[in-house]
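Summary of structural features
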Amino acid sequence: MDPAQVSTVATAFTNHYYTTFSTDRNQLLPLYRDQSMLTFEGQQFQGANKIIEKLASLPFQKVQHQISTIDAQPNFNGIFVCVTGALQVDEDAPQRFAQAFQLIPEGTSYYVLNDIFRLNYG
């Protein structure tokens, strides 16, 4: 896969993910599979339903992501995507975050095999 194609897929995925996350986290379910894993602030969740349960249970009403960087690399079975930026929940001050995704091709699309999220303190 050429670098331009990797970048295009990573950017499109990132925009879709964070737009959906901010409007209705339950709608992220189609992006995950039973073998998918989320590590959220050190806690691990496996399986699409458990991942969505975690994301939907986050204790805020409103969230907005401001993306600073999207880096992506092809690998032997998909695309590795690393995102950095700031997020603002409800009326709180923005917080820095990093999130990494392993995207796996499936038909004409991709699903998330691995998802790691961490707030950056300090």
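Our structure is the block above this text.
These lines cover the structure that appears in this document, whether it is placed above or below. This structure is a prediction, so every number in the text was calculated from the model and none was measured.

About the cut-offs
Residues numbered from 1 in each chain as written. Predicted model: local features only at pLDDT ≥ 70, side-chain atom pairs only at ≥ 80, totals over all residues. Heavy atoms only, no water. Helix = DSSP H or I, 4+ residues; strand = E, 2+ residues; numbered from the N terminus. Contact = heavy atoms within 4.5 Å. Areas by Shrake-Rupley, 256 points an atom, 1.4 Å probe, with all protein chains shown as cover. Core = buried A, V, L, I, M, F, W, Y, C linked by side-chain atoms within 4.5 Å. Buried < 20%, exposed > 50% of the residue type's maximum accessible area, 1.4 Å probe, protein only.

1. So, the overall build of the chain
Each helix and strand in the chain was counted, giving two helices and six strands. Ordered by position in the sequence, the α and β elements of the chain form the string α-β-β-α-β-β-β-β. Expressed along its principal axes, the backbone C-alpha trace of the chain runs to roughly 40 × 30 × 25 Å. Counted over contacts in the chain with a minimum sequence separation of 6, partners at least 24 positions apart contribute 45%. Accessible surface, the chain: about 6,900 Å² in total, of which carbon and sulfur atoms supply 52%.

2. Remarks on the environment of Gln-95
Note that Gln-95 resides in strand S5 (residues 95–106). Placed 26 residues apart in sequence, Gln-95 and Tyr-121 show a C-alpha to C-alpha distance of 7.9 Å. Beyond its immediate sequence surroundings of up to four residues, Gln-95 is in contact with Gly-85, Ala-86, Leu-87, Leu-119 and Tyr-121.

3. Details of the nonpolar core
Within the largest apolar cluster, 31 residues are counted, with the highest numbers of intra-cluster contacts made by Tyr-17, Phe-21, Leu-28, Tyr-32, Leu-55, Phe-101 and Leu-103. It is helix H1 (residues 3–23) that provides the largest number of residues to this core, a total of seven residues. Beyond its immediate chain neighbours, meaning those up to four positions away, Tyr-32 contacts Tyr-17, Ala-48, Ile-51, Ile-52, Leu-55, Val-112 and Asp-115.

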